[in-house]
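Structural overview for review
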Amino acid sequence: MAPVLVGLEGLLAGERIPVLDTRVTFGRNAGNTVVISSLSVSRFHAEIVFDQDTGYVLRDLGSSNGTLVNGEEVESRLLQPGDGITIGDQEFRFEVADAMQTLMALNLPRAVTHPEENDGSVLRVTVVGGGPVGLSMALLLEHFLGSMVQVTVYEGRWRKQGRTVVWKSQDEGNVRRQQVVTVQSRQYLAWPEEVQARLFVPEHYTEMWPSGPDSVGDHHPRNMRIAYIEDRLLELANEKRDRIRLIPARFDPAEQQEALATQHVLAICDGGRSRTRDHFAARFGKADESIYSLDGFHLRDVVLGLRVKSGLSDPMAVLLTVAQNRFLLNSLRGEGFLNMRLTDTELTEVIGIDPVRRVFEECIASRPCLMNRDEHGDFQCSTHGTLFLPALVKGSALWKRVHEGLRLFAVEDGDLSAVTSFRLDMVQRPRFSAELLPPTTNSPGTYGFLLGDAANSIHFWPGRGLNSGLASAVSLARSLNSAWNGRPFRDADFLRHEAAMSMLQYRHKSRAWKAMVTTDDQGVTWAIKDIIDHGIDGITEEPDREADTTTLFERMSAIRDRLAPRLPGMPDDEAILERLQTLESKTLRMLVLSGAWDTLTMGGEEVDIDIFYGQDSSAAAAAVEALEPVTQQ
């Protein structure tokens, strides 16, 4: 039996507040469990404490106006079901609810359980970050709530062009992300029909990867460029100016404090290095690095991103990628980024040089920057004017190993057009939603939410970062759609969203951790980058080319047999051996030691956020059926 406080009079009238903790405090101060923004209430007014022997006891905390139970002023009183509690001008009734009734109420949309509460008030939402997650959030809310929502999206990489907002160009300091991402069908089917129709033009996506546990029906994962997704989503948002306001400027939480107080929701979608999240860090709690540490040190990977055009078929590219942990090719019809996992030694070579001042710069390793190939064949950063040093130095060990990856994926030297880098690490976040500003007589109360990489920045090697971000936007949009009734939000309105976010964090980061480490036959856990380093510099004897070729061939054959039913066109034995014969002996040894993707551990059950949203789930299924002509190419 779970006790609840039912608001009878005052600002919290109509609210049902579960008394789930051993101590619940009341007062005007924002640090209280139940904040009552009234001058008749003291900063720390009263508390309910659970006593194992007696029950729930209400205590006055020396308040100015006292605390009443059934009209009688008390200092301490054991509460009974039905007792009336008065704190200032706020009145509650103490009730004991059936636990099953409480769970059932949480699992139904508020629009179903309280249809009369929806008075047509407009939900005001600020979205920080105009990437795929932020724009998806805005478009989903507009789709769900129509005229009942007003969304404002801030993005510093935009500029005005007439009446519309567009992405800044490279000349304006914005390097567009041309990386190819794999969007799972569980995520893209949650987009509104008009979004899918705008995105899924046949020449702008491929179904390169086989379907798996995260696929819905016969819908395959789809490879698309991030920049293309951003362009189409921004295009759609521009067409909805009456409900989505696009601000081409960076959001500054300190400067926007007054405006923020007028908003019901702040959705923080501005990436893994979110300044907005850092501003409100105390509200969301301290992130834990230890769970993703090895021998007491927070584990980080650095990946060199090589923009290439490969001559291999998609099935061969998938097979080569899954068979080792040194290189990963994610492409759209062969064009994309070949990602190279670096050792700590190789990382020291990832620097640029200023050809004028003749000084070294770490722009590519620290910011990062995109270095495009210029007319001289050099890789130059247009922002800082630096050149990629390893490509300039004859005999550079790193540049030789770059070419190992090019040969593996049949990339001609002239088809390497740019170089960048990515720093990858993960932390465990304690929570993803928080009350940033309590409701007052003049403001609605503002809840903040971490979405996308601001919530769960994930190592991209197993390819779930964007999918996790899209799922987080879908979950929050559904929660807001169900909970909005024109009144201030409560923590209880977002129990399902918080649970969905925790599941996404657990599932995707546990998968990503397996992309950073491996365990040897003795049960010792190693960073994969250190295994690669050992294969490069730690073995003195000459590699046994025949043995390494046999090992890698057998590994690829087993992977091929497992994927063939889900990905037609897999290469035969002759094609695999022919590809391996193009590699040097040291390359073969390093690929063998790096190990294959741990697909058995990474695979398995996926996070289905529909389970948290009751009737929303059947609606989503119906939407999938209705979209068959649009999504099945």
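The structure contained in this document is the topic of the report that follows.

Calculation notes
- Residues numbered from 1 in each chain as written.
- Predicted model: local features only at pLDDT ≥ 70, side-chain atom pairs only at ≥ 80, totals over all residues.
- Heavy atoms only, no water.
- Helix = DSSP H or I, 4+ residues; strand = E, 2+ residues; numbered from the N terminus.
- Expected span 1.5 Å × (residues − 1).
- Buried < 20%, exposed > 50% of the residue type's maximum accessible area, 1.4 Å probe, protein only.
- Pairing = 2+ DSSP bridges.
- Axes fitted to C-alpha atoms, helices over the stretch in contact; angles between N-to-C directions.
- Core = buried A, V, L, I, M, F, W, Y, C linked by side-chain atoms within 4.5 Å.
- Contact = heavy atoms within 4.5 Å.
- Parallel < 35°, antiparallel > 145°, perpendicular 65-115°, else oblique.
- Left-handed = near helix turned anticlockwise from the far one by under 90°.
- Nonpolar A, V, L, I, M, F, W, Y, C, P; charged D, E, K, R; others polar.
- Salt bridge = Lys/Arg side-chain N within 4 Å of Asp/Glu carboxyl O.

A word on helix H6 (residues 226-238)
Along an α-helix, residues three or four apart share an orientation, since each turn contains 3.6 residues. Taking 1.5 Å per residue as the helical rise, H6 with its 13 residues ought to reach 18 Å, and the 18 Å between its terminal C-alpha atoms agrees with that figure. The element H6 is largely enclosed, with a buried count of eleven among its 13 residues. Taken together, the buried positions of H6 are occupied by Ile226, Ala227, Tyr228, Ile229, Glu230, Arg232, Leu233, Leu234, Leu236, Ala237 and Asn238.

Regarding the sheet that holds strand S18 (residues 244-247)
Strand order in the open sheet formed by six strands is S18-S13-S12-S19-S32-S31, and the pairing between neighbours is mixed. Looking along the sheet, the strands with just one partner apiece sit at the ends: S18 and strand S31 (433-437). Taking each pair of neighbouring strands and ignoring which way they run, the sheet shows an average axis angle of 20°. Note that S31 and strand S32 (residues 446-450) share four bridges and pair antiparallel. Within S32, the residue paired with Ser433 across the bridge is Phe449.

Details of the sheet that holds strand S5 (residues 46-51)
As summarised here, the arrangement of the five strands in space is S4-S3-S5-S6-S9, forming an open sheet in which the pairing is mixed. With partners counted over all chains shown, the strands left at the sheet margins are strand S4 (34-35) and strand S9 (76-78), one partner each. Bridge count for strand S3 (residues 23-27) against S4 is two bridges, and the pairing is parallel. Residue Gly27 lies in a different strand from S4, and its bridge partner there is Val35.

Some thoughts on the nonpolar core
Within the largest apolar cluster, 78 residues are counted, with the highest numbers of intra-cluster contacts made by Leu123, Met137, Leu141, Val151, Leu199, Leu480 and Phe489. Among the elements that take part in this core, helix H16 (residues 465-483) stands out by supplying nine residues, more than any other. Setting aside residues no more than four positions away along its own chain, Phe489 makes contact with Leu123, His264, Val265, Tyr447, Leu480, Ala483, Trp484 and Phe494. Counting 58 residues, the second largest nonpolar core, distinct from the first, contains Met208, Phe553, Met556 and Leu563.

A few points about the packing of helix H3 (residues 132-145) against H16
Two elements in contact, H3 and H16, have axes whose closest approach is 9 Å; the angle formed by their N-to-C orientations is 30°. On the basis of the axis angle, H3 is roughly parallel to H16. Every pair of crossing elements has a handedness; the one defined by H3 and H16 is right-handed. Contacts between H3 and H16 pair Pro132, Val133, Ser136, Met137, Leu140, Leu141, Phe144 and Leu145 from the former with Leu466, Gly469, Leu470, Ser472, Ala473, Val474, Leu476, Ala477, Arg478, Leu480 and Asn481 from the latter. Its residues assigned to classes, the contact of H3 with H16 comprises 14 nonpolar, four polar and one charged.

With respect to the pattern of salt bridges
If you walk through the whole model with that rule in mind, you get 27 salt bridges. Of the charged contacts, one joins Glu194 and Lys240 as a salt bridge, the two residues approaching to 2.9 Å between their closest N and O atoms. A residue pair is termed long-range when its members are at least 10 positions apart, and Glu194 in helix H5 (residues 193-199) and Lys240 in the loop between H6 and S18 qualify at 46 residues. Using a relative accessible area of 35% as the deciding quantity, one classes Glu194 as partly exposed.

What to know about the pairing of strand S6 (residues 55-60)
Of all six residues making up S6, five are buried, and the element is well covered by its neighbours. Sheet analysis places S5 next to S6, joined by six bridges and oriented antiparallel. Following the sheet pairing, Asp51 is matched in S6 by Gly55. Taken together, S5 and the strand that follows it, S6, pair antiparallel across an intervening segment of three residues.

Such coordinate-based values are descriptive only and should not be taken to indicate function.
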